[in-house]
Amino acid sequence: MKDYIEERAISIANYIIDSNATVRQTAKAFGVSKSTVHKDVTDRLMQINPTLAKQARQVLDVNKSERHIRGGLATKEKYLHQHGSTI
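Cut-offs used in this document
- Residues numbered from 1 in each chain as written.
- Predicted model: local features only at pLDDT ≥ 70, side-chain atom pairs only at ≥ 80, totals over all residues.
- Heavy atoms only, no water.
- Helix = DSSP H or I, 4+ residues; strand = E, 2+ residues; numbered from the N terminus.
- Rg over C-alpha atoms; globule rule 2.2 N^0.38 Å.
- Contact = heavy atoms within 4.5 Å.
- Areas by Shrake-Rupley, 256 points an atom, 1.4 Å probe, with all protein chains shown as cover.
- Axes fitted to C-alpha atoms, helices over the stretch in contact; angles between N-to-C directions.
- Parallel < 35°, antiparallel > 145°, perpendicular 65-115°, else oblique.
- Nonpolar A, V, L, I, M, F, W, Y, C, P; charged D, E, K, R; others polar.
- Core = buried A, V, L, I, M, F, W, Y, C linked by side-chain atoms within 4.5 Å.
- Buried < 20%, exposed > 50% of the residue type's maximum accessible area, 1.4 Å probe, protein only.
- Salt bridge = Lys/Arg side-chain N within 4 Å of Asp/Glu carboxyl O.

Trainee: I'd love a proper account of the overall build of the protein, names of residues and values included.
Mentor: Of regular secondary structure, the protein possesses 4 helices and 0 strands. Put simply, the protein runs from its N terminus to its C terminus through helices and strands in the order α-α-α-α. Its C-alpha atoms give the protein a radius of gyration of 16 Å, clearly above 12 Å, the size a compact globule of 87 residues would have. Its C-alpha atoms give the protein principal-axis dimensions of about 55 × 25 × 20 Å. A fraction of 55% describes how many contacts in the protein between residues 6 or more apart in sequence connect residues 24 or more apart. Total accessible area on the protein stands at roughly 6100 Å², and carbon and sulfur atoms take up 51% of it.

Okay, here's the thing in C-alpha cells:
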C-alpha cells in the first residue's frame, strides 16, 4: 500500500473519532468518495492500525444506528421551512 494512502486512512480515522463525523461529512472534508472513506476505515486501516480502526468503526456504527433519526429531523425541518407551520 502506498504511503499516502496509509496516511490518509489514519487521518480519516482520527478525524472521525475526534469530530464524531459521519462517512458523508468525512468524505466531504477530505475530498474523497464515501466508498473511499469506508474502505480506508474498514479494510486498509485494519492492516495498518487495528486498534484505531476499531475506534473509528465504533463511531461509524453509532452514526449508522442514529441516521434514521437525523433523516427524520431533517425532513421535519424542511417542511417547517417550506410551510411555515408547526408540526
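Trainee: Quick one: what's the story with the packing of helix H1 (residues 3–19) against helix H3 (residues 34–48), residue by residue and with numbers?
Mentor: At a minimum axis distance of 9 Å, the contact between H1 and H3 shows a crossing angle of 110°. Our classification of the angle between H1 and H3 gives roughly perpendicular. Of H3, the residues touching H1 (which contributes Ile5, Glu6, Arg8, Ala9, Ile10, Ile12, Ala13 and Ile16) are Thr36, Val37, Asp40, Val41, Arg44, Leu45 and Ile48. Of the residues contributing to the contact of H1 with H3, the split by class is 10 nonpolar, 1 polar and 4 charged.

Trainee: Help me get a handle on the nonpolar core, residues and values and all.
Mentor: By size, the foremost hydrophobic cluster in this structure holds 13 residues, and its most contacted members are Ile12, Ala13, Ile16, Val37, Val41 and Leu45. Elements that contribute at least two residues to this core include exactly H1, H3 and helix H4 (50–83). The element contributing the most residues to this core is H4, with 5 residues. Residues in contact with Val37, not counting those within four places in the same chain, are Ile12, Ile16, Val23, Thr26, Ala27 and Val32.

Trainee: Please give an account of the pattern of salt bridges that cites residues and values.
Mentor: Applying the stated criterion to the full structure yields 4 salt bridges. Of the charged contacts, one joins Lys39 and Asp43 as a salt bridge, the two residues approaching to 3.2 Å between their closest N and O atoms. Taken together, the positions of Lys39 and Asp43, both in helix H3 and 4 residues apart, correspond to about one turn of that helix. Residue Asp43 is classed as partly exposed on the basis of its relative accessible area of 37%. Between Asp40 and Arg44 there is a salt bridge whose closest N-O contact spans 2.5 Å. With Asp40 and Arg44 both in helix H3, this residue pair falls 4 residues apart, about one helical turn. Owing to a relative accessible area of 0%, Asp40 belongs among the buried residues under this scheme. Through salt bridges that share partners, Arg8, Asp40 and Arg44 make up one connected network.

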